[in-house]
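These are the residues of each chain, in order.
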Amino acid sequence: MNNTLLEKEIENLDISIEAPETEPLRQYYFIKKTRILLEQLKDKYKGKLTACIKTFGCQMNARDSEKLTGILEAVGYEILDSKKENEADFVIYNTCTVRENANLKVYGRLGKMSHNKKHNPKLKIALCGCMMQEPDVVEKIRKDYGFVDLVFGTHNIYKFPELLYNSFKAESTVIDIWKDTDKIVEDLPVERKFPFKSGINIMFGCNNFCSYCIVPYVRGRERSRQVNEIIKEIENLANDGVVEIMLLGQNVNSYGNDFEEKIPFSELLKEVEKVDKIKRIRFMTPHPKDLSDDLIEVIKNSKKICHHIHLPLQSGSSRILKAMNRHYTKEDYLLLVEKIRKEIPDASITTDIIVGFPGETEEDFLETMDVVKKVSFDSAFTFIYSKRTGTRAAKMPDQVPEDIVHDRFDRLLALVREESSKQANKIVGQTLPVLAEEVNNQDSTMLTGKLANNLTVHFKGGKRLIGNVVDVKLVECHDFYYIGEVV
Ligand code: 5AD
Ligand code: SF4
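These figures come from a predicted structure and were not determined experimentally. (Residues numbered from 1 in each chain as written. Chains lettered and ligands numbered in written order. Predicted model: local features only at pLDDT ≥ 70, side-chain atom pairs only at ≥ 80, totals over all residues. Heavy atoms only, no water.)

Asker: I tried to follow the overall build of the protein chain on my own but got confused; where do I start?
Answerer: Looking only at helices and strands, the protein chain features 14 helices and 19 strands. A compact globule built from 487 residues would reach a C-alpha radius of gyration of about 23 Å, and the protein chain, at 23 Å, matches this within 12%. With respect to the three principal axes, the spread of C-alpha positions in the protein chain is 65 × 55 × 50 Å. By residue count, 56% of the 487 residues in the protein chain fall in the buried class. Residue pairs at least 24 apart in sequence account for 72% of intrachain contacts in the protein chain once pairs closer than 6 positions are excluded. Averaging the locations of the 71 positively and 75 negatively charged side chains of the protein chain gives two centres separated by 3 Å. (Helix = DSSP H or I, 4+ residues; strand = E, 2+ residues; numbered from the N terminus. Rg over C-alpha atoms; globule rule 2.2 N^0.38 Å. Buried < 20%, exposed > 50% of the residue type's maximum accessible area, 1.4 Å probe, protein only. Contact = heavy atoms within 4.5 Å. Lys, Arg positive; Asp, Glu negative; His and termini not counted. Charge placed at Lys NZ, Arg CZ, Asp CG, Glu CD.)

Asker: Even after reading the chapter, I still don't get the site of ligand 2, so can you show me in this structure?
Answerer: Around ligand 2, the surrounding shell consists of Cys206, Asn208, Phe209, Cys210, Tyr212, Cys213, Val215, Pro216, Gln250, His287 and Arg326. In terms of residue class, the shell around ligand 2 is built from seven nonpolar, three polar and one charged. (Near = heavy atom within 4 Å. Nonpolar A, V, L, I, M, F, W, Y, C, P; charged D, E, K, R; others polar.)

Asker: Would you explain the packing of aromatic side chains in this entry?
Answerer: Aromatic ring pairs: the centre-centre distance and the angle between the two ring planes describe each pair. The final tally for this structure, using the stated rule, is 16 aromatic pairs. Ring centres of phenylalanine 194 and phenylalanine 196 lie 5.5 Å apart, and the angle between their planes is 45°; on these two criteria the pair is classed as tilted. As far as burial versus exposure is concerned, phenylalanine 194 and phenylalanine 196 are alike and both buried. Ring geometry for phenylalanine 265 and phenylalanine 283: centres 5.3 Å apart, planes at 75°, overall edge-to-face. Here phenylalanine 283 lies in strand β11 (residues 280-284) and phenylalanine 265 lies in helix α9 (residues 265-273), a separation of 18 residues in the sequence. The burial state of phenylalanine 265 is the same as that of phenylalanine 283; both residues are buried. Feature note: the residues Tyr77, Phe90, Phe152 and Phe160 constitute an aromatic cluster, connected by ring pairs. The lysine or arginine in question, lysine 140, covers the ring of tyrosine 107, its NZ or CZ lying 4.8 Å from the ring centre. (Phe/Tyr/Trp six-rings, centres within 6.5 Å; stacked < 30°, edge-to-face > 60°. Lys NZ or Arg CZ within 6 Å of the ring centre and 35° of its normal.)

Asker: How should I be thinking about the pattern of salt bridges in this particular structure?
Answerer: Where charged atoms of side chains with opposite charge meet at close range, the side chains can pair. Inspection of the entire model under this criterion finds 38 salt bridges. Note that arginine 319 and aspartate 364 form a salt bridge whose closest N and O atoms lie 2.6 Å from each other. Taken together, the residues span a long stretch of sequence, with arginine 319 in helix α11 (residues 318-323) and aspartate 364 in helix α13 (residues 362-375) at a distance of 45 residues. In the salt-bridge network here, residues are joined through shared partners; they are Arg63, Glu66, Lys67, Glu186, Arg225 and Glu233. (Salt bridge = Lys/Arg side-chain N within 4 Å of Asp/Glu carboxyl O.)

Asker: Help me understand the packing of helix α1 (residues 3-12) against helix α2 (residues 25-45) in this model?
Answerer: How two helices sit against one another is set out by the angle between their axes and by the gap between those axes. At a minimum axis separation of 9 Å, α1 and α2 run at an interaxial angle of 75°. Taken together, α1 and α2 sit at an angle that is classed as roughly perpendicular. Contacts between α1 and α2 pair Leu6, Glu7, Glu9, Ile10, Glu11 and Asn12 from the former with Leu25, Tyr28, Ile31, Lys32 and Arg35 from the latter. Each residue belonging to the contact of α1 with α2 can be placed in one class, and the counts come to five nonpolar, one polar and five charged. (Axes fitted to C-alpha atoms, helices over the stretch in contact; angles between N-to-C directions. Parallel < 35°, antiparallel > 145°, perpendicular 65-115°, else oblique.)

Asker: Which parts of the structure should I look at to understand the domain arrangement of the protein chain?
Answerer: One frequent convention defines the size of an interface as the accessible area lost when the parts assemble. Its domain assignment divides the protein chain into domain 1 (3-176), domain 2 (194-306), domain 3 (335-426) and domain 4 (430-486). The distance between the C-alpha centroids of domain 1 and domain 3 comes to 37 Å. Seen at the junction of domain 1 and domain 3, the total is zero salt bridges. Across the contact surface, domain 1 and domain 3 share two residue pairs in polar contact (both at pLDDT 80 or more). (Domains from an automatic or database assignment. Polar contact = N/O pair within 3.5 Å; in protein donor to acceptor, adjacent residues only side chain to side chain.)

Asker: What should I look at first to understand unusual backbone geometry in this one?
Answerer: Excluding glycine, residues mostly have negative phi values, and the peptide bonds linking residues are mostly trans. The omega angle of the peptide bond from glutamate 23 to proline 24 is 0°, so this bond is cis rather than trans. Residue methionine 284 is joined to threonine 285 through a cis peptide bond whose omega torsion reads 5°. Tracing the chain through its elements places threonine 285 in the loop between β11 and α10 (293-301). Of note in the backbone geometry, phenylalanine 209 takes a positive phi value of approximately 50° without being a glycine. Mapped onto the secondary structure, phenylalanine 209 falls in the loop between β8 (203-204) and α7 (215-219).

Asker: Would you explain the site of ligand 1 in this entry?
Answerer: Around ligand 1, the surrounding shell consists of Val98, Arg99, Tyr212, Gln314, Asp352, Ile354, Phe383, Ile384, Tyr385, Ser386 and Arg388. The contact in question runs from an oxygen atom of ligand 1 to an N or O atom on the side chain of glutamine 314, over 2.6 Å. Here an oxygen atom of ligand 1 and a side-chain polar atom of aspartate 352 are 2.6 Å apart. Elements that contribute at least two residues to the shell around ligand 1 include exactly β13 (348-355) and β14 (379-384). Across the shell around ligand 1, the residue classes break down as six nonpolar, two polar and three charged.

Asker: Quick question: what am I supposed to make of the sheet that holds strand β12 (residues 308-310) here?
Answerer: Sheet strands pair via backbone hydrogen bonds, and the direction of the pair is either parallel or antiparallel. Strand order in the open sheet formed by three strands is β12-β13-β14, with parallel pairing between adjacent strands. Sheet topology places β12 and β14 at the edges, where each strand pairs with a single neighbour. Across this sheet, the average inter-strand angle for adjacent strands is 10°, counted without regard to direction. Bridge count between β12 and β13: three bridges; the pairing is parallel. (Pairing = 2+ DSSP bridges.)

Asker: Would you mind going over the UniProt feature "domain: Radical SAM core" (unreviewed entry) in the protein chain with me for this structure?
Answerer: Cross-referencing UniProt, the feature "domain: Radical SAM core" (unreviewed entry) maps to residues 192-422 in the present numbering. Annotation note: span residues 192-422, helix share 39%, strand share 16%, distance between end C-alpha atoms 34 Å. (UniProt positions renumbered as here; feature names shortened; annotations may be inferred.)

Asker: I would appreciate a short explanation of the pairing of strand β4 (residues 124-129) in the present structure.
Answerer: For a regular strand, side-chain orientation follows a simple rule: the groups alternate between the two sheet faces. The buried count for β4 comes to six of six residues, which makes it a mostly enclosed element. Where burial is concerned, the two faces of β4 agree: the one with Lys124, Ala126 and Cys128 and the one with Ile125, Leu127 and Gly129 are both buried. Across six bridges, the pairing between strand β3 (residues 90-95) and β4 is parallel. Bridging across to β4, threonine 95 finds its partner in glycine 129. In the classification by handedness, the crossover that spans β3, the intervening helix α4 (residues 100-119) and the parallel β4 is right-handed. Of the strand pairs in this sheet, β4 and strand β5 (residues 150-152) are connected by two bridges, and their pairing is parallel. Within β5, the position partnered with leucine 127 by the bridge is valine 151. Since β4 and β5 lie parallel, the crossover through helix α5 (residues 135-144) that links them has a hand, and here it is right-handed. (Right-handed = clockwise from strand over helix to strand, strands pointing away.)

Asker: Please clarify how the sheet that holds strand β19 (residues 481-486) should be interpreted in this entry.
Answerer: Read around the closed barrel, five strands run β15-β16-β17-β19-β18, paired in mixed fashion. Mean inter-strand twist for the sheet, computed between neighbouring axes without regard to direction, equals 50°.

Dropping the structure here:
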């Protein structure tokens, strides 16, 4: 449903009666009630009310923040740029807990916010996202950050209108965290960051339990959305001007495993391809252990699916991969890459790598370096292992000393840069489709866009091209971006 249709539904609701039990109707009811509350507040303070969302972490969180933005706008807040948290009357931190430093950042910001709260009586603070699914974190907030108004988790984000309303009425922090859920509620207002591209959740949660990873504990078990629901949402997005979509899931090749009649991810992709106005399809993230031949075939034969596969390696050592519970070996991974490259020669392959997993020896690390060299990744996100309480790896012996980890990390980064630069230079001179995304932030006569491989291209062009896929000749390569010319 688009926001205009939603608005009609909300307008027609009777809020003089008790809140309906069914969703999303119940949330429409609270949107309407909060709207009235905010109008009264605006009268009281004689001005507008502003809100700012700070998003940490992955694409899933980015998409959740678009949902929160939609709801904030629907209740009457004016949305500020995410850098303006110090000016806002309502600040939401949509948190990530994959690595510890993301948690530390949030506590740092909260420290500052306690000061802002003393100066702005209108200021409300909410916390949500993965970090809030950890009981220790919520306890700490309850104890040390009592000025926070609202805390909710990843499973009940759709309930934001109701929780927001409750937090206006409550004297103390409203906390609502669910351990898990089998519920998927959609059809609430959403405000996209870019009008022409959108992420779309195809599944939630993860069942893989990689031994270092906290995601299965904070995002719960895998739940897939029905194909017809996904397609309906994509059609609506397409009618609303979206040309590029990114299908989101922690492990997209497990899509449909939770259905009685299984539907493979490759089948879903074929259905998505049929949506007329969609020009580009991306997906994030597949797991190497179950990337099927069918999927490779579908990508190969598709005119819309970007030839970009993000294939998290994590480690090149089969011994470490086993300890990580990844269910593939170094050789399996290399074979898979070979197969992809044979079938889709122009595929861009990117990855995630963790350095310093417990017990990682120099030999293990050199195996990782070997894979980076052999695959020559187009780019790689490199992470220092972060111990997450509650995961199996946190209890493993032989945590690697910090200085050794940093030394390995630097060596890995240097190699990754060398290889990605090699890859980027290979396509200079080619003319390729680019989605024009925005006016260049340094030169207003230029536009900035993305290639199918997700690399950035800057090129001369007018604003009217934004949101269109245009053919651009790649003239210069600067390792991580190109300068191009429209042909
Ligand atoms: N420490 C470091 N990196 C991690 N990741 C997940 N958990 C951890 C951890 N405990 C990385 C993985 C994953 C990416 C999203 O984050 O590489 O693919
Ligand atoms: Fe974490 Fe592994 Fe699931 Fe990815 S597949 S979210 S790394 S447990």
